[in-house]
Amino acid sequence: MKVLSMIQPWASLFVLGESQYETRSWRTKYRGPLAIHTSKKIDKGVCSHVAIKSLLLKHGFKTENLPTGVIIAVCQLVNCLRVMENNETWAVLEDGRTVSGNDFFLGDYKVGGYVWEVRDMKMLDRFIPAKGRLGLWEYEV
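Residues numbered from 1 in each chain as written. Predicted model: local features only at pLDDT ≥ 70, side-chain atom pairs only at ≥ 80, totals over all residues. Heavy atoms only, no water.

Visitor: How should I be thinking about unusual backbone geometry in this particular structure?
Guide: Both trends apply: most residues other than glycine have a negative phi, and most peptide bonds are in trans. Of note, the amide linkage connecting Q8 to P9 takes the cis form, showing an omega dihedral of 10°. Within the element layout of this structure, P9 appears in the loop between β1 (2-8) and α1 (10-15). At D120, a position not held by glycine, the phi torsion is positive, near 55°. Relative to the helices and strands, D120 resides in strand β7 (residues 114-129). Under the relative-accessibility criterion, D120 is labelled exposed at 52%. (Helix = DSSP H or I, 4+ residues; strand = E, 2+ residues; numbered from the N terminus. Buried < 20%, exposed > 50% of the residue type's maximum accessible area, 1.4 Å probe, protein only.)

Now the structure itself:
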């Protein structure tokens, strides 16, 4: 299965549905099953931001109990769209849709970057310890 490693708290916020997109500086042509892995790194500065702290607490998480170094969820990667316009509080994707609100706040919508769209996100009942890697990587199920 293809796996994407993400730094915390971004991984948990994505898996918990606080943002429906993952933003990347690179495009992928891959479509299909995708596992979400949490790297060992936690961005503690981001976790201390009042809005991020509030979103995490809503789901019972604090910096201290965010899972790291594990695969936490699976989903379907269905699209990869280029960011065409950034207006500081909202962005426009290549298919014309507008991204705003938490989706915009929780992503990096630089013009020329990419938005990964997923469906059917499911958090695993038991997290799977794994060493992360850069890019998309394979994990034998």
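Visitor: Looking at this model, I keep getting lost on the nonpolar core. Mind explaining?
Guide: Across soluble globular proteins, nonpolar side chains have a tendency to be buried as a group. M6, L34, I36 and W116 are the most contacted members of the largest nonpolar core, which has 16 residues in total. Where this core is concerned, the elements lending two or more residues are β1, α1, β3 (32-42), β4 (70-86) and β7. Top contributing element to this core by residue count: β4, with 6 residues. Not counting residues up to four positions away in its chain, the partners in contact with W116 are L4, Q20, Y21, E22, R24, W26, T28, L77, N79, C80 and L136. (Core = buried A, V, L, I, M, F, W, Y, C linked by side-chain atoms within 4.5 Å. Contact = heavy atoms within 4.5 Å.)

Visitor: Before we go on, may I ask you to explain the pattern of salt bridges in this structure?
Guide: Note on pairing: side chains with opposite charge can pair once their charged atoms come close. If you walk through the whole model with that rule in mind, you get 6 salt bridges. Two residues, K58 and E18, come together in a salt bridge whose shortest N-O distance is 2.8 Å. Of the two residues, K58 is situated in helix α3 (residues 50-58) and E18 in the loop between α1 and β2 (21-24); the sequence distance between them amounts to 40 residues. Residue classification places E18 among the buried residues on the basis of a relative accessible area of 9%. Ionic pairing is found between D108 and K110, a salt bridge with its closest N-O pair at 3.6 Å. (Salt bridge = Lys/Arg side-chain N within 4 Å of Asp/Glu carboxyl O.)

Visitor: Can you help me understand the side chain of E22 in this one?
Guide: Along the polypeptide, E22 turns up in strand β2. A polar contact is formed between the side chain of E22 and the side chain of R24, at a distance of 2.8 Å. Residues contacting E22, with those up to four places away along its chain left out, are L4, M6, F14, Y114, V115 and W116. (Polar contact = N/O pair within 3.5 Å; in protein donor to acceptor, adjacent residues only side chain to side chain.)

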